[in-house]
Amino acid sequence: MRRIAVVPGSFDPVTLGHLDVIERAAGLFDEVHVLVVHNPGKTALLPISQRVSLLQRAIADAGLPDTITVASWSMGLLVDYCLEVGASVLIKGIRSQVDVAYETPMAIVNRNLAGVETIFMLPDPANAHVSSSLVRQVAALGGDISPYVPRVVAEYLQKAPV
């Protein structure tokens, strides 16, 4: 039986921390679905289709395995997607106790609803301080985001109005 995991997130934009978690998840599972989801609690910088495209290009540029699939999901529960693709695990990157407090109730509900477990993955210390919202702020103020995001994202955001 194939071990399938889903790495969900808004990825607005994808960061080097995201890529680190995706790469490590790919080393643990036979198949990884990186799922761009709509977060109604956030105002998006990039449309979902652009986030999917940037993720696909960043994953390819990083030479990550072809066992990684990038998709989007905006209707229904996250566990519905997991059941649809046969995933039994969600992988969530967490940077701090704040992330743990936010993610724990959702992990419990996902397990109760569909038997989908959640694994919390700690970031590489080099990326522990990086978040998409921080990247958006730095980019909006004209700062250099290249240390925090894949090259394709830095190039895209330099050309696009933030």
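Residues numbered from 1 in each chain as written. Predicted model: local features only at pLDDT ≥ 70, side-chain atom pairs only at ≥ 80, totals over all residues. Heavy atoms only, no water.

(A) How the structure looks around the UniProt feature "site: Transition state stabilizer" (unreviewed entry) in the protein chain. Look at the UniProt record and you will see "site: Transition state stabilizer" (unreviewed entry) annotated at His-18. Among the secondary structure elements, His-18 is positioned in helix H1 (residues 16-28). His-18 sits in the partly exposed class, given a relative accessible area of 23%. Ignoring any residue separated from it by four or fewer positions in sequence, one finds His-18 in contact with Phe-11, Pro-13 and Ser-132. (UniProt positions renumbered as here; feature names shortened; annotations may be inferred. Helix = DSSP H or I, 4+ residues; strand = E, 2+ residues; numbered from the N terminus. Buried < 20%, exposed > 50% of the residue type's maximum accessible area, 1.4 Å probe, protein only. Contact = heavy atoms within 4.5 Å.)

(B) Looking closely at the sheet that holds strand S2 (residues 31-37). Strand order in the open sheet formed by 5 strands is S3-S2-S1-S4-S5, and the pairing between neighbours is parallel. At either margin of the open sheet sits one strand with a lone partner, and together these are strand S3 (68-73) and strand S5 (117-121). The average angle at which neighbouring strand axes cross in this sheet is 30 degrees, direction not considered. Judged from the 5 bridges that link them, strand S4 (residues 89-93) and S5 form a sheet pairing that is parallel. Bridged to Ile-91 within S5 is Ile-119. Contacts from helix H2 (residues 48-61) reach S2 and S3, with the element oriented near 170 degrees to S3. Sitting on the sheet, helix H4 (residues 97-114) is in contact with S4 and S5, with an inclination near 160 degrees to S5. (Pairing = 2+ DSSP bridges. Axes fitted to C-alpha atoms, helices over the stretch in contact; angles between N-to-C directions.)

(C) Structural context of a nonpolar patch on the surface. On the surface, Leu-77, Val-109 and Leu-113 cluster together into a nonpolar patch covering about 270 Å² of accessible area. Tracing the sequence through the fold places Val-109 in helix H4. The class of Val-109 is partly exposed, set by a relative accessible area of 43%. (Patch = residues over 30% accessible without salt bridge, like charges linked within 9 Å, V, L, I, M, F, W, Y side chains within 5 Å. Areas by Shrake-Rupley, 256 points an atom, 1.4 Å probe, with all protein chains shown as cover. Salt bridge = Lys/Arg side-chain N within 4 Å of Asp/Glu carboxyl O.)

(D) Summary view of the packing of H2 against helix H6 (residues 151-159). Across the interface, H2 lies against H6 with an axial gap of 8 Å and an inter-helix angle of 140 degrees. Comparing the axis directions of H2 and H6 gives the class oblique. Residues Gln-50, Leu-54, Arg-57, Ala-58 and Asp-61 of H2 lie in contact with H6, whose contacting residues are Arg-151, Val-152, Val-153 and Tyr-156. A per-class count over the contact of H2 with H6 returns 5 nonpolar, 1 polar and 3 charged. (Parallel < 35°, antiparallel > 145°, perpendicular 65-115°, else oblique. Nonpolar A, V, L, I, M, F, W, Y, C, P; charged D, E, K, R; others polar.)

(E) Spatial organisation of the pattern of salt bridges. Per the counting criterion, the structure on display carries 10 salt bridges. The residue Glu-31 makes a salt bridge to Arg-2 at a minimum N-O spacing of 3.4 Å. Placement of the pair is Glu-31 in strand S2 and Arg-2 in the segment before strand S1 (4-9), with a sequence separation of 29 residues. The partner of Arg-51 in a salt bridge is Asp-12, with the nearest N and O atoms 3.8 Å apart. Here Asp-12 lies in the loop between S1 and H1 and Arg-51 lies in helix H2, a separation of 39 residues in the sequence. Assessed through its relative accessible area of 3%, Asp-12 is described here as buried.

(F) Focus on H2. Between its first and last C-alpha atoms H2 spans 20 Å; for 14 residues at 1.5 Å apiece the expected length is 20 Å, and the two agree. Buried within H2 we find Gln-50, Arg-51, Val-52, Leu-54, Leu-55, Ala-58 and Ile-59. For H2, the elements touching its buried residues are H1, S2, S3 and H6. Phi turns positive, to about 70 degrees, at Gly-63, one or two residues after H2. (Expected span 1.5 Å × (residues − 1).)

(G) Examining unusual backbone geometry more closely. In this structure, Pro-13 follows Asp-12 across a cis peptide bond, with omega equal to 0 degrees. Note that Pro-13 resides in the loop between S1 and H1. Positive phi, close to 50 degrees, is recorded for Phe-11, a residue that is not glycine. Take Phe-11: its relative accessible area is 2%, and that puts it in the buried class.

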